[in-house]
Amino acid sequence: MADADASRPGTGRDRARPGAASDPGADAPGFELPLLLFGGFRALIDRLHAELARQGHPGLRPAHGFAMQAIGAGGATASELGRRLGVSKQAAGKTADRLLALGYAERAADPADARRKVLRLTPHGIDALRRSAEVFEELRAEWARTLGAERLRELESDLRTMAPVTGLRVDVAGWFGP
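Below is a summary of the structure that appears in this document. (Residues numbered from 1 in each chain as written. Predicted model: local features only at pLDDT ≥ 70, side-chain atom pairs only at ≥ 80, totals over all residues. Heavy atoms only, no water.)

1. Focus on the pattern of salt bridges
For side chains of opposite charge, pairing can occur when their charged atoms come near one another. Applying the stated criterion across every chain yields a total of twelve salt bridges. We note a salt bridge from Glu-142 to Arg-47, for which the minimum N-O separation is 2.8 Å. Separated by 95 residues along the polypeptide, Glu-142 in helix α6 (residues 123–147) and Arg-47 in helix α2 (residues 32–54) bring together distant segments of the chain. Between Arg-153 and Glu-150 there is a salt bridge whose closest N-O contact spans 3.0 Å. Of the two residues, Arg-153 and Glu-150 are both situated in helix α7 (residues 149–162); the distance of three residues between them amounts to about one turn of the helix. Three or more residues are tied together by salt bridges with common partners; here these are Asp-127, Arg-130, Arg-131 and Glu-134. (Salt bridge = Lys/Arg side-chain N within 4 Å of Asp/Glu carboxyl O. Helix = DSSP H or I, 4+ residues; strand = E, 2+ residues; numbered from the N terminus.)

2. Some points on the packing of helix α3 (residues 62–71) against helix α4 (residues 78–85)
When two helices pack together, you describe them by how their axes are tilted relative to each other and by the distance separating the axes. Two numbers describe how α3 lies on α4: the axes approach to 9 Å, and their chain directions differ by 115°. The hand of the α3/α4 crossing is right-handed. Taken together, the residues of α4 that come into contact with α3 (itself represented by Phe-66, Ala-67, Ala-70 and Ile-71) are Leu-81, Arg-84 and Leu-85. Residues that form the contact of α3 with α4 fall into these classes: six nonpolar, no polar and one charged. (Axes fitted to C-alpha atoms, helices over the stretch in contact; angles between N-to-C directions. Left-handed = near helix turned anticlockwise from the far one by under 90°. Contact = heavy atoms within 4.5 Å. Nonpolar A, V, L, I, M, F, W, Y, C, P; charged D, E, K, R; others polar.)

Don't take any of this as a statement about function, it's just geometry.
The structure is reproduced here in structure tokens:
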């Protein structure tokens, strides 16, 4: 049974790739875990954006999705966007300008202070987030079919144990930055 699993792509048991342990029963080297986690993340995000492009959102990039999540339903000023993303106000302004140019966001007067401008998602931006949620559900279902529904639930539970979610963190760009 182990031999059949070893040849199944996507099971994580295929040890023929460079840097993997040669003995399938041996523990993988420590550096492989973050690479595998990042690889899984990247596979999901790449598939998401390919599907979003097919569905009418060809200019949307991963950074835009993080920014739209940071803007949220209540909107955000450029300074708030920068803090939420973990980037400078200038970097947040550039991202906001791109979202404005693509039609995903708009600037509006802050109802609490007319001197401030708030970024708000447009119907086009809300549509992109709605479609993203639908595509993520489809991708998760695909993973469940490949890995097995119970194994995927266990994986998600294990990840919640190791990296407890205390709130949505969208400051990936700032974390990867200089």
